[in-house]
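Residue-level structural notes
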Amino acid sequence: MGTRRLGAKVMTGVLAASLAAGLGVPDAARAQFAAADRVATTTASAKDLAPEGKATGGGAADFDTPRVMALGDSITLGTGAPTRSSYRIDLAERLQRGGMRIDYVGSESSGADSDNEHEGHGGWDIGELSEWIEGWLAAASPDIVLVHAGTNNITRGDGAYATADKLSAMIDQIRAVRPEAYIFVAQIISSRVPRELAEDRIYNQLIPGLVAAKNDPLISVVDQSTVGGIDLHDLHHPNQFGYSKMAYNWYQAMAKVFHMKANIGTNPYAMQSTHRCLAAKVVLNGRVQHRTECRTWQLRTVTAEIDGVHRRVRTWQTLRTVKRAYRVRVAGKMRIRTRLVGKWTGPGNLMNL
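In short, a report on the structure.

Quick notes on the rules
Residues numbered from 1 in each chain as written. Predicted model: local features only at pLDDT ≥ 70, side-chain atom pairs only at ≥ 80, totals over all residues. Heavy atoms only, no water. Pairing = 2+ DSSP bridges. Helix = DSSP H or I, 4+ residues; strand = E, 2+ residues; numbered from the N terminus. Axes fitted to C-alpha atoms, helices over the stretch in contact; angles between N-to-C directions. Buried < 20%, exposed > 50% of the residue type's maximum accessible area, 1.4 Å probe, protein only. Contact = heavy atoms within 4.5 Å. Polar contact = N/O pair within 3.5 Å; in protein donor to acceptor, adjacent residues only side chain to side chain. Disulfide = S-S within 2.5 Å. Core = buried A, V, L, I, M, F, W, Y, C linked by side-chain atoms within 4.5 Å. Right-handed = clockwise from strand over helix to strand, strands pointing away. Salt bridge = Lys/Arg side-chain N within 4 Å of Asp/Glu carboxyl O. Parallel < 35°, antiparallel > 145°, perpendicular 65-115°, else oblique. Nonpolar A, V, L, I, M, F, W, Y, C, P; charged D, E, K, R; others polar.

1. A short note on the sheet that holds strand S12 (residues 309-330)
Sheets are built from strands that pair by backbone hydrogen bonding, the pairs being arranged parallel or antiparallel. The antiparallel open sheet is built from four strands, whose spatial order is S10-S11-S12-S13. Pairing within the sheet leaves two strands with one partner each, and these edge strands are strand S10 (273-284) and strand S13 (333-345). Averaged over all neighbouring strand pairs, the angle between strand axes comes to 50°, with direction disregarded. Where S12 meets S13, 13 bridges bridge the pair, whose relative direction is antiparallel. The partner of Arg320 across the bridge, within S13, is Lys343.

In structure tokens:
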């Protein structure tokens, strides 16, 4: 990166030993990760993190904390999660464990961590972000830019091809202002709305091609399209588990570029039991109310009819308490009674919001 070089923090001592042994992260260590003065004792050369074929120069790094700008809409802001931290805290912790200490930058702030700056703007489409992006970049001077944008364009009916053209132009803006920054461009998460989901898929298919056409080794594509369904709190925004998947996907892409260990922390895609919060619409006393229901979900094997054929499939279900009627003889007469029983059920109609 010429004179601008990335640095890593390498942890030593008891904490590092426990991580290397695969013992997980103690609660106390988690608090340290979240603090502004994250524990780090030794600075590694930026040369260790640079992609192959990209010279970084010799000697010590000019700075040891890369500045990271998370850019996008309400998904980047963190809507749908209780802390409104989006994927940012989880990603910072994964990077810390992988050897990279970062500093989030931006004009906005939200989330549970003290390092909570970002450029996540609720309701904004790519055109609106593009009007402000050059000023944000000039002010914050990020070394890494994480782009997740286009959801609002699709929601408003721009169409996949028009949205892709706007994304391409915004990437060019970022490159013009920050010629040596690493840019990670996301294929966006999947909407629950069928019409939007169809456009999302086309849009996501276009992104690798438009990035490849730029012939820029510092731009990478990150697949976030696997976040959807019950990973979402509502029709468009992830719940906390969905955001953990996003953090995992960002990290995997960054680990490949900066030569960090890939298997850091829990892989959310391998989990068999999770806690998810989903928005729901219910009718109580004739009035429609909206609420958030948080439950434990388990990945279970069930029999389902698919195209007229019964197949064994894996699906997410939760154990609910429901009323079940039964018949009982009372004083010589059959009566209907009800009792509460546990029943495994799926999420139901995810459009019922």
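2. Some thoughts on the environment of Ser191
Structurally, Ser191 is set in the loop between strand S8 (182-187) and helix H8 (194-212). With a relative accessible area of 7%, Ser191 lands in the buried category. Sequence separation of Ser191 and Asp234 is 43 residues, and the distance between their C-alpha atoms is 9.1 Å. In contact with Ser191, other than residues within four places in its own chain, are Glu196, Leu197, Asp200, Leu232, Leu235 and His236. A distance of 2.9 Å separates a polar atom in the side chain of Ser191 from a polar atom in the side chain of Glu196.

3. Digging into the state of the cysteines
With the rule as written, the count across this model stands at one disulfide. For Cys277, the disulfide goes to Cys294, at an S-S distance of 2.0 Å. Between Cys277 and Cys294 the disulfide shows an S-S torsion of about 110°. By sign, it is right-handed. Of this pair, Cys277 sits in strand S10 while Cys294 sits in strand S11 (residues 287-306), and the two are 17 residues apart along the sequence.

4. Brief notes about the nonpolar core
Formed by 33 residues in total, the largest nonpolar core has its most connected members in Leu91, Ile144, Leu146, Phe184, Trp250, Met254 and Phe258. If you list the elements that add at least two residues to this core, you get strand S3 (67-72), helix H4 (88-98), strand S7 (144-148), S8 and helix H9 (240-258). Of the residues forming this core, the biggest block, ten residues, is contributed by H9. Look past the residues within four positions of Trp250 in its chain and what remains in contact with it is Tyr87, Leu91, Leu146, Val147, His148, Phe184, Ala186, Val222 and Gln224. Listed in part, the 27 residues of the second largest apolar core include Ile133, Ala140, Ile154 and Leu167.

5. Thoughts on the environment of Leu232
With respect to the helices, strands and loops of the structure, Leu232 is situated in the loop between strand S9 (219-223) and H9. Counting along the chain gives eleven residues from Leu232 to Tyr243, while the straight-line C-alpha distance between them is 8.8 Å. What Leu232 contacts, discounting residues up to four positions off in sequence, is Ile189, Ser190, Ser191, Arg192, Val227, His237, Pro238, Asn239, Cys277 and Leu278.

6. Overview of the pairing of S9
Consecutive side chains of a regular strand alternate in pointing toward one face of the sheet and then the other. Summarising the sheet, S8 and S9 pair through five bridges and their orientation is parallel. Looking at S9, one finds that Val185 is bridged to Val221. Taken together, S8, H8 and S9 constitute a β-α-β crossover, and its handedness is right-handed.

7. Considerations on the pattern of salt bridges
For the structure shown, the criterion picks out 14 salt bridges. For Asp231, the salt bridge is made with Lys245, and the minimal N-O distance between the two is 2.9 Å. Separated by 14 residues along the polypeptide, Asp231 in the loop between S9 and H9 and Lys245 in helix H9 bring together distant segments of the chain. For Asp231, a relative accessible area of 3% corresponds to the buried category. One salt bridge connects Glu293 with Arg295, and the closest N-O pair in it is separated by 3.8 Å. Salt bridges sharing common partners tie together Asp125, Glu128 and Arg156.

8. A few points about the packing of helix H5 (residues 126-140) against helix H7 (residues 160-177)
One can describe the packing of H5 onto H7 by two numbers: an axis separation of 10 Å at closest approach and a directional angle of 5°. Considering their axes alone, H5 and H7 lie roughly parallel with respect to each other. On H7, the residues that touch Ile126, Leu129, Ser130, Ile133, Glu134, Leu137 and Ala138 of H5 are Thr163, Lys166, Leu167, Met170, Gln173, Ile174 and Val177. Partitioned by chemical class, the residues of the contact of H5 with H7 number nine nonpolar, three polar and two charged.

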